[in-house]
Amino acid sequence: MQSLAQYSAAIIQLPPTEGALLRSGLDSACLFFHQRGYNSSEVVHSDDTHEWCKTSGYYVDPQMWLEMYDYRPGVTLTEPNGAMELPPSGLPDIFAVLGKVSRDILDAISFSLNLRSCAFTDILDNIPLRSQEVSSSVLSACCHSRPSFEAAQQHNIDSQDEGQLLIFSDQDQQMDKTLLTLVRSDRSGLYVKDMHGRWILVDGDLSPHDVVVYPGLALYQETAGYVNPAVHKTEVGNLQGCMFGRCSLVFKLMPRSVARLSGSEMRAAGHGVDAQFQVPIPVNDFMQTGHSVDQLFPKDTEPSPHADQDSASFNSVMKKKNGSTRTKPLPPSKRLRLEAQRVLKERVQDIADKKGVKLRFCNIKDCESHIRSLDSPCENIRTEIGWPQGVPFVHPHDLPNKAKLGFLEAYEPGWAASQQEIESQPQ
């Protein structure tokens, strides 16, 4: 969660057998696209949002110089002549592996947010799918800029000196409408914007069994904005001399089409939920709603066009072993929020459980008057669990920074001093 908060991405490592399966699937995808011809009558990718959970088979996006083959369980594909279409090999097995991995990651996220176990199950597809059901989640084999692809031949990239990064335009920014996206590519080139607005190369130094994961807009909506969606781009400017292009396997964990995104689990856990997330929205409506990067993330910082150092930092964070690599500390406000959530989960919840107290936090505006009254609605709960005097009884995530410090000191005396000691240690 620290990685998602700071970099909007994380790296997970699969067991060797599953890593080998992905490697085999990538090789098969490369050969699939390399052996396939292209003509203008091929199916062109449609921007029709009504089709978001129906895409399957082969299609192209000429403007992005991109070919894709979507594997979606529950759909049987045929070619125009009626013959069954032969996909890249291994996609069903890879779908099953990455589907399980993505659900495990969701469970970890729900734990870190103090949600109940399996909090997201109600908005996910059945496992296994019932008869006649079609999967909302999809596994895509992708190929960027294959030399024999007509659109790629017409593409002329104005690059800088060899070895420099391609500078993207704002129009190239993308946010997936997924819960989670898992990506493995045969070449680096995936950039994600970090919390400071800098573009970070996230797949530049992966081991054979590593996979990149980043959150999408559906998870942002369902967690009431507590997990930000990744803003990402793919750089395809350094593929000269590559006969296969850049191939990737992309698994998108999607909410089922008949579900509703409501943020109810966040409210049940006592998190503050802004008004924009309090009205449940059907998944189909959500998928057909436009979401602007600038609207969610105003341009308060300028992206760094050269992110080599930032990328090295990201990979060192992801690959550090037993604390042997020190990383740049989080900003104070972000660190306070994460520490407050940790103490709530490790200390306060434990006290409440032992005393049989159900934590039901107040609204921060209402509680500013409660803490001055002896017979307020939350007085008994605050007394039972030792809530600090003068601190509103609201979820620690929503407390002002000064109140967060009071909360942390109350349940972990000496917290501030210990943080100063850590910060004073040599890097």
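Keep in mind the model is a prediction, meaning the values are calculated, not measured.

**Some points on the pattern of salt bridges**
- Evaluation of the coordinates by the stated rule reveals eleven salt bridges.
- Measuring nitrogen to oxygen at the nearest pair gives 3.1 Å for the salt bridge that ties Glu412 to Arg347. Residue Glu412 is located in the loop between helix 13 (401-411) and helix 14 (415-424), and its partner Arg347 is located in helix 10 (residues 332-355); the two are separated by 65 residues in the primary sequence.
- The network of salt bridges with shared partners includes Glu339, Arg342, Arg347 and Glu412.

**A short note on the environment of Ser145**
- For Ser145, the location among the structural elements is in the loop between strand 4 (138-144) and helix 4 (150-153).
- Separated by 91 residues in the primary sequence, Ser145 and Val236 have C-alpha atoms spaced 7.1 Å apart.

**Examining helix 3 (residues 91-112)**
- Across its 22 residues, helix 3 extends 31 Å between first and last C-alpha, which sits within 8% of the 32 Å expected from 1.5 Å per residue.
- Positive backbone phi, at 65°, marks Asn114, one or two positions downstream of helix 3.

**Section: helix 13**
- Here helix 13 has its buried residues at Ala403, Lys404, Phe407, Leu408 and Tyr411. Along helix 13, the residues classed as buried sweep out an arc of 140° about the axis, all on the same side.

**As for the sheet that holds strand 2 (residues 57-61)**
- Overall, antiparallel pairing links the seven strands, which are arranged 1-8-5-10-4-3-2 in an open sheet. Because the sheet does not close on itself, it has two edges, and the strands there are strand 1 (10-13) and strand 2. The sheet shows a mean angle of 25° between the axes of neighbouring strands, taken without regard to direction.
- The pairing of strand 5 (residues 180-185) with strand 10 (residues 246-253) spans six bridges and is antiparallel. Directly across from Arg184, in strand 10, lies its bridge partner Leu249.
- The strands that helix 2 (residues 16-34) touches are strand 2, strand 3 (66-71), strand 4, strand 5, strand 8 (210-215) and strand 10; relative to strand 10, the one it contacts most, it runs at about 120°.

**Here we look at the pairing of strand 6 (residues 190-193)**
- Residue alternation in strand 6 divides its side chains into two sets, Leu190 and Val192 and Tyr191 and Lys193, and both sets are buried.
- Strand direction decides the pairing type here: strand 6 and strand 9 (residues 232-234), joined by three bridges, are antiparallel. Bridge pairing in strand 9 places Tyr191 opposite Lys233.
- Across three bridges, the pairing between strand 6 and strand 7 (residues 199-201) is antiparallel.

**Examining the packing of aromatic side chains**
- The tally for this structure, following the rule as stated, stands at 13 aromatic pairs.
- Considering the side-chain rings of Phe33 and Tyr58, the 6.4 Å spacing of their centres and the 45° angle between planes classify their relative orientation as tilted. Note that Phe33 is positioned in helix 2 and Tyr58 in strand 2, a separation of 25 residues in sequence. As far as burial versus exposure is concerned, Phe33 and Tyr58 are alike and both buried.
- Arranged with centres 6.4 Å apart and planes meeting at 65°, the rings of Trp387 and Tyr411 form a pair that is edge-to-face.

**With respect to the confidence of the model for the protein**
- When pLDDT is averaged across the protein, the result is 80; 76% of the residues are at 70 or more.
- The least confident element of the protein, judged by mean pLDDT, is helix 4 at 43; the most confident is strand 5 at 97.
- For the stretch residues 155-171, pLDDT sits under 50, and the model shows 18 contacts to residues farther than four places along the chain or on other chains.
- Contacts for the low-pLDDT stretch residues 300-307, under 50 throughout, to residues beyond four places or in other chains number 17 contacts.

**Quick word on the nonpolar core**
- Formed by 66 residues in total, the largest nonpolar core has its most connected members in Leu98, Leu180 and Leu182.
- Here this core takes nine residues from helix 3, the largest share from any one element.
- Setting aside residues no more than four positions away along its own chain, Leu180 makes contact with Ser102, Ile105, Leu106, Ile109, Val213, Tyr214, Pro215, Leu219, Phe251, Lys252 and Leu253.
- Counting residues in hydrophobic clusters, the runner-up holds 23 residues, among them Ala340, Val348, Ile385 and Val391.

**A word on the environment of Val101**
- Following the sequence through the fold, Val101 ends up in helix 3.
- On the accessibility criterion, Val101 (13% relative accessible area) is buried.
- Separated by 87 residues in the primary sequence, Val101 and Leu14 place their C-alpha atoms 8.7 Å from one another.
- Setting aside chain neighbours within four positions, we find Val101 in contact with Ile12, Leu14 and Leu182.

Calculation notes
Residues numbered from 1 in each chain as written. Predicted model: local features only at pLDDT ≥ 70, side-chain atom pairs only at ≥ 80, totals over all residues. Heavy atoms only, no water. Salt bridge = Lys/Arg side-chain N within 4 Å of Asp/Glu carboxyl O. Helix = DSSP H or I, 4+ residues; strand = E, 2+ residues; numbered from the N terminus. Expected span 1.5 Å × (residues − 1). Buried < 20%, exposed > 50% of the residue type's maximum accessible area, 1.4 Å probe, protein only. Arc of directions from axis to C-beta. Pairing = 2+ DSSP bridges. Axes fitted to C-alpha atoms, helices over the stretch in contact; angles between N-to-C directions. Contact = heavy atoms within 4.5 Å. Phe/Tyr/Trp six-rings, centres within 6.5 Å; stacked < 30°, edge-to-face > 60°. pLDDT = per-residue confidence, 0-100. Core = buried A, V, L, I, M, F, W, Y, C linked by side-chain atoms within 4.5 Å.

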